[in-house]
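The lines below spell out each chain.
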Amino acid sequence: MAEVGLTLRVTASALLASGLTSFLLFAVLQGTEWFIRSATAIALVAAVGAAARLVGISRFLVPVLQLTAVTVLFTTIYAPQTAYGGWLPGAATAGALQAHYELALDEINAAVPPFTPSASLIFVTAAGLALVAIAVDLLAAYRLPALAGVPLLVVYAIPALALPQGLPGWLFVLPAAGYLILLISDGGQRLRDGAQTGASSENRGRRGHGRQGRRMVRHVGLIVLGVSVALPALAPQLSAGAIGEGGLGKTGGGSIATLNPLVSLRRDLVRPEDVDVMVVRTSASRPEELYLRAITLDTFDGTEWRASRRVVKDFDSALPQPPGLASTVPAAEVQTTIEVLDTFRADYAPLPYPATRLEIDGSWRVDPRTGNVVSRTGPDQIAGRSYRVDGLELSPSPSDVRSEAPGADLEPYLSLPADLPAEVRRTAQEVVEGVAGPLAQGLALQQWFRDPANFTYDLRQQPGTGQEAILDFLDDRRGYCEQFASTMAVMARHLGIPARVNVGFTAGQPGLDKLTRIISAHDAHAWPELFLAGVGWTRFEPTPASASSTPQAPGWLTPQSPTAPSSANDNTDAANPSNEAPDSEASDSAAIPDSQPPTRPESRPELPNPVEDQPQSAAEPPSNSWVSIAGIAIALSGALTIPRLVRSGISRHRWRRARTPETRPGERAELAWSELRDRALDLGYRWPPGTPRQCAAAMARTVTLGRQDLQQLSSLTGAVERNRFAAEPHAPGAAELRSTVDDLVGALAAAVSPATRLRAALLPRSLYLRRSAGGNRWPVRPRSYRPPLVD
């Protein structure tokens, strides 16, 4: 009973320690689903650990059983399509869980805490906390509570390092309390052990050890509390991604080192819950074309598109004039007011292009080459801020584009790696075959990418803009805006058209009137800009209109051009092939009535499970079918027979060796003795240490043996003793020894319950128990007492 109590205390203390520490992640994860999944996994770890120890399973195997149970749990929740019966892991389960893991890493690498976790991030969080719980439970079972604080401290460090302002100091109470529970539980047990062993005079010194252990508990606890308090103050703060924090890095001096924002772009696109980030009101006649430009990526090194190091300067309100724009291009002045919500934090100010004037409070600087406006004080400056942008709404026509070779100032926008794959070059030439001029070639590329017969918009593709990612994109013809924009820009450069990639937001959804737009995280977008002489940097849109951000090409790039696309380009209906900008009447009809608040799509059909939904084949019937149930039963029965088969194999090997003529008589006796010992262990008996005579005496005291059984036991014991101590060992033949062991095992089996015999058959304890485990007693209550055997 004391052993049962100790097991439950160890399990409960480990469960509380892990559970209390997991509360810390509320500082970086929103919602409660992640906590429910994590608590379920931690409770499962505790239950499996307690049950395994109560039935006597070796401590080495307990973590394996816990890990198996957790794997089944996560397979049931996150990869049932790949499992037998929806829960038993199958061949494709590892790949499905790996897909969740990779998606979660993408989200973590670019996330701005606190996160709204996706299903993949919830899986990684719950799995990580389950592994921590297994480690804590194992260390607590081995009476090493001080070391158990290490995995708990790791969990504490995650929010302490991830939060931009650091973790509030008072939160140290939660992991510290869990850790002290472990220390106190183990320290109390050690004191109880000392009280039991210190009753006799020769063991009274152990009471001193108990007091030392109590002091150690206090000292280690104080150290942990100190580290917990100091860690948030000492830990460096981490910057986050671009569509959020850290998009342009920290500013200093007159230059900035930019970070690649495409990682966080995908994070915003795949987040399960859309979040509004801006409300835009504009006087533009075509508000549905009002893209907000944030970061310009102008360097392609073959590995990725990235922003080069730039020189930025202060400005009052006037912004640099857009390069390459001729005064003959029709343009109307527009005013745009952008209200940034508290959910958006970034190092840049999203602006429509071209912008000529910016009125914004705070400290900002501008890059004259790109027009990117960067915060001097960091990402918190823009949250909750409103600013006004004056700009131009251009209405160019194809005749405004001049046929001029790019000047020297545009050469950086034509740079490509020398090893650009031949397939990319060849494909670009094939698309524009028979088409001349930068405008016509840009339209041909745009039409080719947006044609649904050529490409499919798919957020399941892995992120990447390098040459390998472009080759994969051209091979499987599936991707999202990152691949469409980067590939078109590379092809344009190969054709001699200066090009770069922008990251920002599309025009979003209509608000209460046709001049108001609601911008959300799902409207994050990437698109290429091509330089057209006379018009300057011009936005093209290769991403299909089927994307949830409703990407739309500029209205003047219409089907009236002989090289322009005739495929879908409308921002309200992806199936509409007109590609014409909606007129005012259409805009009015699309606007939301004043009496209703703005609405957003309730579902994201283009956001699939990481495991592709595939129709079930005849070989994979539904999980509720009789075939599936039979398969589960066969799999379970097969798993249950494995331990028995291993045990039978060991037994057969022993008797085969005993029958071999080369085997010495004494060795035959030892083989029979080992077989008797293992089969006794299988039946729940503890094999005591000592000589063969002492073991036989313990057996005779515990189990009622007949006269013949006693004689057989005496004969076997004598043979083993002669092998160990006599000069000329002698033993009966293999057949006689096997008969002796079978008879003795039959007597041992008769003294235990049918359930114990069943367990001995299905889960032989001799496979995992130490041979000397358990002390000097057999646990079965003796039916009668018999004196020790004598020769």
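Since we're looking at a predicted model, the values are computed, not measured.

Asks: What exactly am I supposed to notice about the nonpolar core here?
Replies: In a soluble, globular protein the nonpolar side chains are often hidden away together inside. Core analysis: the biggest nonpolar cluster contains 75 residues, and Leu358, Val373, Tyr387, Leu445 and Phe449 have the highest contact counts within it. When residues of this core are assigned to their parent elements, the largest contribution, 8 residues, is made by helix H13 (residues 481-494). With sequence-adjacent residues up to four places away left out, valine 373 is seen in contact with Phe315, Leu319, Asp347, Tyr348, Ala349, Leu351, Leu358, Trp364, Arg365 and Val366. Listed in part, the 38 residues of the second largest apolar core include Ala17, Leu129, Val132 and Leu152.

Asks: Help me understand the environment of arginine 426, please; the structure alone is not making it clear to me.
Replies: Along the chain, the position of arginine 426 falls in helix H10 (residues 422-431). Through-space distance from the C-alpha of arginine 426 to that of histidine 494 is 9.9 Å; in sequence the pair is 68 residues apart.

Asks: Would you mind going over the environment of glutamate 289 with me for this structure?
Replies: Checked against the element boundaries, glutamate 289 lands in the loop between strand S2 (276-282) and strand S3 (292-297). As a C-alpha pair, glutamate 289 and proline 554 span 265 residues in sequence and 6.4 Å in three-dimensional space. A polar contact of 2.8 Å, which involves the side chain of glutamate 289, links it to the backbone nitrogen of glycine 555.

Asks: How do you make sense of the packing of aromatic side chains when you look at a structure like this?
Replies: Each aromatic ring pair is specified by the distance between its two centres and by the angle formed by the two planes. Across all of its chains, the model carries 23 aromatic pairs by this definition. Relative to phenylalanine 26, the ring of phenylalanine 23 lies with its centre 6.0 Å away and its plane at 35 degrees, an arrangement referred to as tilted. Ring centres of phenylalanine 531 and tryptophan 537 lie 5.3 Å apart, and the angle between their planes is 75 degrees; on these two criteria the pair is classed as edge-to-face. The buried category is assigned to tryptophan 537, whose relative accessible area is 5%. Taken together through their ring pairs, the aromatic side chains of Trp448, Phe449, Phe455, Phe473 and Phe484 make up a single cluster. Its end group placed over the ring of phenylalanine 455, arginine 477 keeps NZ or CZ at 5.0 Å from the ring centre. The ring of tryptophan 537 is capped by arginine 500, whose NZ or CZ atom sits 3.9 Å from the centre of that ring.

Asks: Would you take a moment to explain H13 for this structure?
Replies: Side chains that are three or four residues apart share a direction in an α-helix, a result of its 3.6 residues per turn. Between its terminal C-alpha atoms H13 stretches 20 Å, which fits the 20 Å expected from 14 residues at 1.5 Å a residue. The buried fraction of H13 amounts to 13 of the 14 residues, a majority that puts the element mostly inside the structure. Once H13 finishes, glycine 496 follows within two positions and takes phi at roughly 90 degrees, a positive value.

Asks: What is the right way to look at the pattern of salt bridges in this model?
Replies: Where charged atoms from two side chains of opposite charge approach closely, those side chains can pair. Counted according to the given criterion, the structure contains 21 salt bridges. Across the pair arginine 402 and glutamate 404 runs a salt bridge, and its minimum N-O distance is 2.8 Å. Residue glutamate 404 is classed as partly exposed on the basis of its relative accessible area of 47%. Between aspartate 678 and arginine 677 there is a salt bridge whose closest N-O contact spans 3.2 Å. By relative accessible area, aspartate 678 is classed as buried at 2%. Each member of the salt-bridge network shares a partner with another, and the members are Arg647, Arg654, Glu675, Arg677, Asp678 and Asp682.

Asks: What am I meant to see in the environment of leucine 710 here?
Replies: Within the secondary structure layout, leucine 710 lies in helix H18 (residues 707-725). Placed 34 residues apart in sequence, leucine 710 and leucine 744 show a C-alpha to C-alpha distance of 8.8 Å.

Asks: Sorry, what's going on with the pairing of strand S15 (residues 499-505) here?
Replies: Each regular strand displays side chains that alternate between the two surfaces of the sheet. S15 sits mainly inside the fold: 7 of its 7 residues count as buried. Side-chain alternation along S15 places Ala499, Val501, Val503 and Phe505 on one buried face and Arg500, Asn502 and Gly504 on a second face that is also buried. Taken together, the 7 bridges between S15 and strand S18 (residues 524-532) define a ladder with antiparallel strand orientation. Following the sheet pairing, valine 501 is matched in S18 by proline 528.

Asks: Is there a simple way to think about the sheet that holds S15 in this case?
Replies: Strand pairing in a sheet relies on backbone hydrogen bonds. The paired strands run either parallel or antiparallel. Read from one edge to the other, the open sheet built from 4 strands follows the order S3-S15-S18-S19, with strand pairing classed as antiparallel. Here the strands that pair on one side only, and so sit at the sheet edges, are S3 and strand S19 (536-539). Taking each pair of neighbouring strands and ignoring which way they run, the sheet shows an average axis angle of 40 degrees. Relative to S15, S3 runs antiparallel, the two sharing 5 bridges. For leucine 297, the partnering residue across the bridge sits in S15 and is valine 501. Against the sheet, H13 touches S15 and S18, its axis set at about 15 degrees to S18.

Asks: What is the right way to read the side chain of threonine 516 from this model?
Replies: Tracing the sequence through the fold places threonine 516 in strand S17 (residues 516-520). Within the structure, the side chain of threonine 516 is placed 2.9 Å from the side chain of arginine 281, a separation counted as a polar contact. Setting aside residues up to four positions removed in sequence, threonine 516 forms contacts with Val279, Val280, Arg281, Gln509, Pro510 and Gly511.

Asks: I tried to follow a positive patch on the surface on my own but got confused; where do I start?
Replies: Taken together, the side chains of Arg652, Arg656, Arg659 and Arg738 present a region of like positive charge at the surface. Element by element, the count of residues in the positive patch is highest for helix H15 (residues 626-659), at 3 residues. Looking at where arginine 738 falls in the secondary structure, it is placed in helix H19 (residues 734-750).

Asks: Could you clarify how one ought to interpret unusual backbone geometry in this entry?
Replies: Leaving glycine out, the prevailing phi sign among residues is negative, and the prevailing peptide bond configuration is trans. Of note, the bond from tyrosine 353 into proline 354 is cis; its omega dihedral lies within 30 degrees of zero at 0 degrees. For proline 354, the location among the structural elements is in the loop between strand S8 (331-340) and strand S9 (355-359). A positive phi angle, near 60 degrees, is found at arginine 477, a position not held by glycine. On the secondary structure map, arginine 477 appears in the loop between helix H12 (467-476) and strand S14 (478-479). We classify arginine 477 as partly exposed; its relative accessible area is 29%.

Asks: Would you explain the confidence of the model for the protein chain in this entry?
Replies: When pLDDT is averaged along the protein chain, the result is 75; 71% of the residues meet or exceed 70. For residues 231-260, every residue scores under 50 in pLDDT, and the model assigns this stretch 97 contacts once sequence neighbours within four places are set aside. Counting interchain partners and residues more than four positions distant, the pLDDT-below-50 stretch residues 770-791 has 62 contacts.

Asks: It is not clear to me how the sheet that holds strand S10 (residues 364-366) should be interpreted in this structure. Could you clarify?
Replies: Ordered by their spatial adjacency, 3 strands build an open sheet running S7-S10-S11, and the pairing between neighbours is antiparallel. A single partner strand is all that each edge strand has here, and the edge strands are strand S7 (313-314) and strand S11 (373-375). Pairing between S10 and S11: 3 bridges, direction antiparallel. The residue bridging tryptophan 364 from the neighbouring strand is serine 375, located in S11.

Asks: Help me understand helix H2 (residues 33-54) in this model?
Replies: Between its terminal C-alpha atoms H2 stretches 32 Å, which fits the 32 Å expected from 22 residues at 1.5 Å a residue. What H2 keeps buried is the set Trp34, Phe35, Ser38, Ala41, Ile42, Val45, Ala46, Val48, Gly49, Ala50, Ala52 and Arg53. Among the residues trailing H2, glycine 56 stands out with phi positive, at a value near 90 degrees.

How each quantity is defined
Residues numbered from 1 in each chain as written. Predicted model: local features only at pLDDT ≥ 70, side-chain atom pairs only at ≥ 80, totals over all residues. Heavy atoms only, no water. Core = buried A, V, L, I, M, F, W, Y, C linked by side-chain atoms within 4.5 Å. Buried < 20%, exposed > 50% of the residue type's maximum accessible area, 1.4 Å probe, protein only. Helix = DSSP H or I, 4+ residues; strand = E, 2+ residues; numbered from the N terminus. Contact = heavy atoms within 4.5 Å. Polar contact = N/O pair within 3.5 Å; in protein donor to acceptor, adjacent residues only side chain to side chain. Phe/Tyr/Trp six-rings, centres within 6.5 Å; stacked < 30°, edge-to-face > 60°. Lys NZ or Arg CZ within 6 Å of the ring centre and 35° of its normal. Expected span 1.5 Å × (residues − 1). Salt bridge = Lys/Arg side-chain N within 4 Å of Asp/Glu carboxyl O. Pairing = 2+ DSSP bridges. Axes fitted to C-alpha atoms, helices over the stretch in contact; angles between N-to-C directions. Patch = residues over 30% accessible without salt bridge, like charges linked within 9 Å, V, L, I, M, F, W, Y side chains within 5 Å. Areas by Shrake-Rupley, 256 points an atom, 1.4 Å probe, with all protein chains shown as cover. Lys, Arg positive; Asp, Glu negative; His and termini not counted. Charge placed at Lys NZ, Arg CZ, Asp CG, Glu CD. pLDDT = per-residue confidence, 0-100.

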